[in-house]
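If you want the building blocks of each chain, they are given just below.
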Amino acid sequence: MVQHLKRSATTAMSSHPLPALAQIPPQIAAVADYEAFARERMSAAAWAYISGAAADELTLAENSAAFRRLRLRQRVLADLDGANTRLELFGDAFEYPIFLAPVAYQKLAHPEGELAAALGASAMRAGMVVSTQASVALEDIAAMASAPLWFQLYLQPDRGFTQELVNRAESAGYRALVLTVDAPVNGVRNREQRAGFVLPAGVDAVNLRGMRPLPAYTAQAGASALFGGPLLAGAPTWADVRWLIQLARLPVLLKGITTAEDAQRAVDCGAAGIIVSNHGGRTLDTVPATIEALPAVAQAVDGRVPVLLDGGIRRGTDIFKALALGAAATLVGRPYVYGLAAAGAPGVAHVLHMLRTELEVAMALTGRRTLKDIDASAIC
Ligand SMILES: Cc1cc2nc3c(=O)[nH]c(=O)nc-3n(C[C@H](O)[C@H](O)[C@H](O)COP(=O)(O)O)c2cc1C
Ligand SMILES: CC(C)CC(=O)C(=O)O
């Protein structure tokens, strides 16, 4: 049913998103409802890669559980005339504070990959962050999108190649750079390992083609698999953050900050924004949920730059709670990838539509007219 919808509605969506949304079956009423449809359409290995996280996946579970533990304070009879969810970030206006987080290799989820995600986001006028490891050329994604795109950067050991990547993103019209700082090495991805995940033919990091590969390295028996090898030797440091901020013409956000100390340092280095993120639980297991890390980061930043958050958002009330505790906006990862896998661009649009509507309901029932009215007093 949803598969059929994908074919017929993608075309309709490019002129108007709503007819396509009207064809989504009623049993998909919440973001979580896409998960089963997505799983059916993916190989077991791709499912393990996308839905999985690091080690015992405690942080993955905690990201959502911590949102669910928070309680809202309902307020009644507020004047909601003129209510809206608008915001401005880095000179661009957005209709609502929900962005698509950078997710690598989206062709694993859908043959059109990032192109369909960008189409869905643009139809809903939502911003999207495109991964360095996208499976579609960053220029082609930019040509598809009408809403603002940001480019997520993994600093490559070859800094000259990294600079080229930044130039390409700037030339293609991306509006900000998101430097991911929490993954100098991959987490211990046991679920992926057990499923034997490897990239299938036809899916690769096309934007990194032509880059000089790291020297081959096999640790001697009894030696460290990581320390002393080339991976950490080329890993980014604060000096690289300053280098990037100096060379980039675009604002640079740091993604993957979860402590007050690092937030302070990021602002001191000239970061234009901070994304509180633990990579959806995919890097270091047992770190706290992002919603628990947010207040200390927001306090350290003290309004000097916008603080965004991702990780575990599955409801509009989660977005509301993040805003109440100091976030200017939020990003979602797996939820839209599940929508993409199940129904292509309309699935992505639908996920955004549901989250936005749920956020508006939460605002109406807590008596908040604008995003600026959402503060900690909305939480018990
Ligand atoms: C399959 C997958 C691939 C990801 N790829 C990237 C990436 O290339 N760059 C990055 O900064 N974050 C990446 N992330 C992390 C997301 O940007 C985001 O932090 C996380 O998914 C948020 O948690 P959520 O999935 O619970 O919404 C990836 C996440 C997933 C699930
Ligand atoms: C290719 C990976 C490094 C992309 C990523 O960030 C992830 O899988 O979490």
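None of the values given here were measured: they were computed from a predicted structure.

Draft legend 1. Expanded view of the site of ligand 1. Every one of the 23 residues lining ligand 1 counts as a neighbour, but Ala 101, Ser 131, Thr 180, Gly 280 and Gly 333 are closest to it. A class-by-class count of the residues in the shell around ligand 1 yields 8 nonpolar, 11 polar and 4 charged.

Draft legend 2. View of the environment of Ala 137. Structurally, Ala 137 is set in the loop between strand E4 (128–130) and helix H7 (138–144). Judged by C-beta crowding, with 16 C-beta atoms within 10 Å, Ala 137 ranks as partly exposed. Taking the C-alpha atoms as reference points, Ala 137 and Leu 208, separated by 71 residues in sequence, lie 9.4 Å from one another. Discounting chain neighbours no more than four positions away, the residues touching Ala 137 are Val 206 and Asn 207.

Draft legend 3. Highlighting the environment of Glu 261. Here Glu 261 shows up in helix H12 (residues 260–269). The class of Glu 261 is exposed, set by 11 C-beta atoms lying within 10 Å. Residues Glu 261 and Leu 284 lie 23 residues apart in sequence; the distance between their C-alpha atoms is 18 Å.

Draft legend 4. Examining helix H6 (residues 113–123) more closely. Among the 11 residues of H6, 11 are classified as buried, and the element is accordingly described as predominantly covered. Restricting attention to buried positions, one finds in H6 the residues Gly 113, Glu 114, Leu 115, Ala 116, Ala 117, Ala 118, Leu 119, Gly 120, Ala 121, Ser 122 and Ala 123. Positioned one or two residues after H6, Arg 125 has a phi angle of 55 degrees, which is positive.

Draft legend 5. The arrangement of the packing of H6 against helix H15 (residues 334–365) in detail. One can describe the packing of H6 onto H15 by two numbers: an axis separation of 7 Å at closest approach and a directional angle of 15 degrees. Relative to H15, H6 is oriented roughly parallel. Judged by the sense of rotation from one axis to the other, the crossing of H6 with H15 is left-handed. In this structure, H6 contributes Ala 116, Ala 117, Leu 119, Gly 120, Ala 121 and Ala 123 to the contact, and H15 contributes Tyr 336, Leu 340, Gly 344, Ala 345, Pro 346, Gly 347, Val 348, Ala 349 and Leu 352.

Draft legend 6. Region of interest: unusual backbone geometry. Despite not being glycine, Ala 55 shows a phi value in the positive range, around 50 degrees. In this structure Ala 55 comes out as partly exposed when scored by C-beta crowding, with 17 C-beta atoms within 10 Å. Phi angles above zero are rare outside glycine, and Thr 286 is one such case at about 80 degrees. Position of Thr 286 relative to the elements: it lies in the loop between strand E8 (273–276) and helix H13 (290–301).

Draft legend 7. Local environment of the UniProt feature "binding site: glyoxylate" (unreviewed entry) in the protein. The UniProt entry lists Tyr 49, Tyr 154, Arg 189, His 279 and Arg 282 under the feature "binding site: glyoxylate" (unreviewed entry), expressed in the numbering used here. Setting aside residues up to four positions removed in sequence, Arg 189 forms contacts with Gly 52 and Ala 54. Under the C-beta neighbour-count criterion, Arg 282 is labelled buried, with 25 such atoms within 10 Å. When near neighbours in sequence (up to four residues on either side) are disregarded, Arg 282 contacts Ala 53, Ala 54 and Gly 187.

Draft legend 8. A look at the site of ligand 2. Neighbouring ligand 2 are the residues Ala 104, Gln 133, Ala 183, Asn 186, His 279 and Arg 282. Within the shell around ligand 2, the residues separate by chemical class into 2 nonpolar, 3 polar and 1 charged.

Draft legend 9. Molecular detail of the nonpolar core. Core analysis: the biggest nonpolar cluster contains 113 residues, and Leu 100, Met 128, Ile 274 and Val 297 have the highest contact counts within it. Per-element accounting of this core gives the leading share, 17 residues, to H15. Non-local contacts of Val 297, meaning those with residues more than four positions away in its chain, are made with Ile 257, Thr 258, Ala 260, Ala 263, Ile 274, Val 276 and Val 307.

Reading the values: rules and limits
Residues numbered from 1 in each chain as written. Chains lettered and ligands numbered in written order. Predicted model: local features only at pLDDT ≥ 70, side-chain atom pairs only at ≥ 80, totals over all residues. Near = placed C-beta within 6 Å. Nonpolar A, V, L, I, M, F, W, Y, C, P; charged D, E, K, R; others polar. Helix = DSSP H or I, 4+ residues; strand = E, 2+ residues; numbered from the N terminus. Buried ≥ 20, exposed ≤ 12 C-beta atoms within 10 Å, placed from the backbone. Contact = placed C-beta atoms within 7 Å. Axes fitted to C-alpha atoms, helices over the stretch in contact; angles between N-to-C directions. Parallel < 35°, antiparallel > 145°, perpendicular 65-115°, else oblique. Left-handed = near helix turned anticlockwise from the far one by under 90°. UniProt positions renumbered as here; feature names shortened; annotations may be inferred. Core = buried A, V, L, I, M, F, W, Y, C linked by C-beta atoms within 7 Å.

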